[in-house]
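Breakdown of the fold
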Protein chains: 2
Amino acid sequence: MINELEKIKDSVLLQDIKVEELSSMLGCLRGVIKHYKKGEEVLSQGAEIKKFGLLTEGKLQVVQYDYLGNKSILSIIEPKQIFAEAYAYVNKIPSMNVEALVDSTVLFLDSDKLSSPCQNCCSFHKQLVKNLLFIISNKNVNLTEKIECMAKRTTKEKLLTFLSLESIKQNSKEIYIQYDRQGLADYLGVERSAMSAELSKLKNEGIIEYNKNWFKLL
Amino acid sequence: MINELEKIKDSVLLQDIKVEELSSMLGCLRGVIKHYKKGEEVLSQGAEIKKFGLLTEGKLQVVQYDYLGNKSILSIIEPKQIFAEAYAYVNKIPSMNVEALVDSTVLFLDSDKLSSPCQNCCSFHKQLVKNLLFIISNKNVNLTEKIECMAKRTTKEKLLTFLSLESIKQNSKEIYIQYDRQGLADYLGVERSAMSAELSKLKNEGIIEYNKNWFKLL
DNA sequence: TATAATCCGTTGTTTTTCCAACATACTTTT
DNA sequence: AAAAGTATGTTGGAAAAACAACGGATTATA
């Protein structure tokens, strides 16, 4: 257990919480550690969620099957990240699965206990709540930005919206993006090759320059 | 002040908080009431946000101007709803404005105070945090669902994804939707008339039936 | 280093969407 | 009930995106 805490003590969720407090936190939040083999289901569609997860080791993917049975990957969970937190707080049945991409270890924490601190109002509780609010709010802002891009009607506008948002975030006309072309196309909800063609056009029109992950707004 | 509290005491944020506790809460969270004339700016782009708002009276709209200066309405805020809460918890400068559509009254609450309860750990704090987590998580789930719809490549798929999500939520093949055609088109990010045409096609193909706000999946 | 695998851009064709304009139905007002 | 306003459906042409297929470049691997 101590070993697991060591791996996640500098996660965003546990930020600014003293190491000495971590183990008492585990008890308070009914921390449970579970191990999963590659390919195993960590959370399955339709099951009610009362705890959220903090990945201590391995890699997970959040997938969703639509009305036709088509699989789509919603996100990849890396160590120190939390998942299923939104569904733990709204009492809705999630419509997605979480699967282990490699052998993984997850620390589950009780969402009810987190938001209803114990009698003695331990100091770490304040910080935990603050961190959780930050994480969820941040996700919220990111989702809103993605929607802002996707809502544009043309691929050209989607690209320019994305790039100008990045430009603001990176506070520069020259930016580096985290996605490869396929990843960017998925993010914007368009087809890769069509997007590539559109990028070329933007370059020819003298609106942007780019090379691999580097982009410049002119 | 008492008058204002009366109007919002059954909002989601203040759910399950005793009326007697509300006024002490106001002090603790540094509650400030502000009035706005129709057309006035409630929050302006680029200004740092330390407090979030709870609309007690009137109507607000959240608008955004993109890189070309085009205005788009992100959401309409009705009484008892909160706004700007996500931006209050991530330390990001918001890229949107909030404007008063009619004369409005807003109660601003200190986001820091909410997540860092006072010494005596008042009982309402627990409930407030719980409620806030619920609201933000809920928004999160809704945004994710919208993205799920928008990510589909064709209008037909967007419609069917939306309808089947509603079908699950309303637990029936027959559903009533909250949007009119223009609203639904905006939600899905497509053009209204093209969407209408697609709906007709789906009806002809025997995949759905509909009449005004009523839809049935076959 | 050779080979395989992956990523990225290009092109032509097919499909879908947008857009504008108009017709019809429904609602609200007077 | 007439008139005006609003919401929805329809259509055809223009624009854009998807799709498939391919070639060159880069990266990973044997």
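Residues numbered from 1 in each chain as written. Chains lettered and ligands numbered in written order. Predicted model: local features only at pLDDT ≥ 70, side-chain atom pairs only at ≥ 80, totals over all residues. Heavy atoms only, no water.

1. What to know about the environment of Gly-69 of chain A
Residues and elements named next belong to chain A. Topologically, Gly-69 is positioned in the loop between strand 4 (60-65) and strand 5 (71-77). The class of Gly-69 is partly exposed, set by a relative accessible area of 44%. Along the sequence, Gly-69 and Gly-53 sit 16 residues apart, while their C-alpha atoms lie 26 Å from each other. (Helix = DSSP H or I, 4+ residues; strand = E, 2+ residues; numbered from the N terminus. Buried < 20%, exposed > 50% of the residue type's maximum accessible area, 1.4 Å probe, protein only.)

2. Here we look at the relation of the copies chain A and chain B
Expressed as a screw operation, the relation of chain A to chain B combines 0.0 Å of axial shift with a rotation of 180°, fitting to an RMSD of 0.1 Å. Both copies of the chain, as the preceding transformation shows, are related through a two-fold rotation axis. Minimal C-alpha separation from the rotation axis in chain A is found for Asn-140 of chain A, amounting to 2.8 Å. The fraction of interface residues of chain A whose copies in chain B are also interface residues reaches 100%, indicating that both copies meet through the same surface. (Least-squares fit on C-alpha atoms with pLDDT ≥ 70 in both. Contact = heavy atoms within 4.5 Å.)

3. Section: helix 7 (residues 181-188) of chain A
Note on helix geometry: an α-helix contains 3.6 residues per turn, so any two residues three or four positions apart are oriented the same way. All names here are of chain A. With six of eight residues buried, helix 7 is to be regarded as a mostly interior element. Of all the positions in helix 7, only Arg-181, Gly-183, Leu-184, Ala-185, Tyr-187 and Leu-188 are classed as buried. Check the buried side of helix 7 and you find it contacts helix 5 (123-150), helix 6 (155-169), helix 8 (192-204), strand 10 (208-211) and strand 11 (214-217). Gly-189, located one to two residues past helix 7, shows a positive phi value of around 75°.

4. Considerations on the protein's contact with DNA strand D
Around DNA strand D, the surrounding shell holds 18 residues, and the nearest of these are Thr-154 and Thr-155 of chain A together with Arg-181, Ser-196 and Ser-200 of chain B. The sugar-phosphate backbone supplies 68% of the atoms of DNA strand D found within 4 Å of the protein. At a separation of 2.9 Å, a phosphate oxygen of DNA strand D approaches a polar side-chain atom of Ser-196 of chain B. Here a phosphate oxygen of DNA strand D sits 2.2 Å away from a polar atom, N or O, in the side chain of Ser-200 of chain B. Elements represented by at least two residues in the surface near DNA strand D include exactly helix 8 of chain A together with helix 7 (181-188) and helix 8 (192-204) of chain B. When residues in the surface near DNA strand D are grouped by element, the largest group, five residues, is from helix 8 of chain B. (Near = heavy atom within 4 Å. Polar contact = N/O pair within 3.5 Å; in protein donor to acceptor, adjacent residues only side chain to side chain.)

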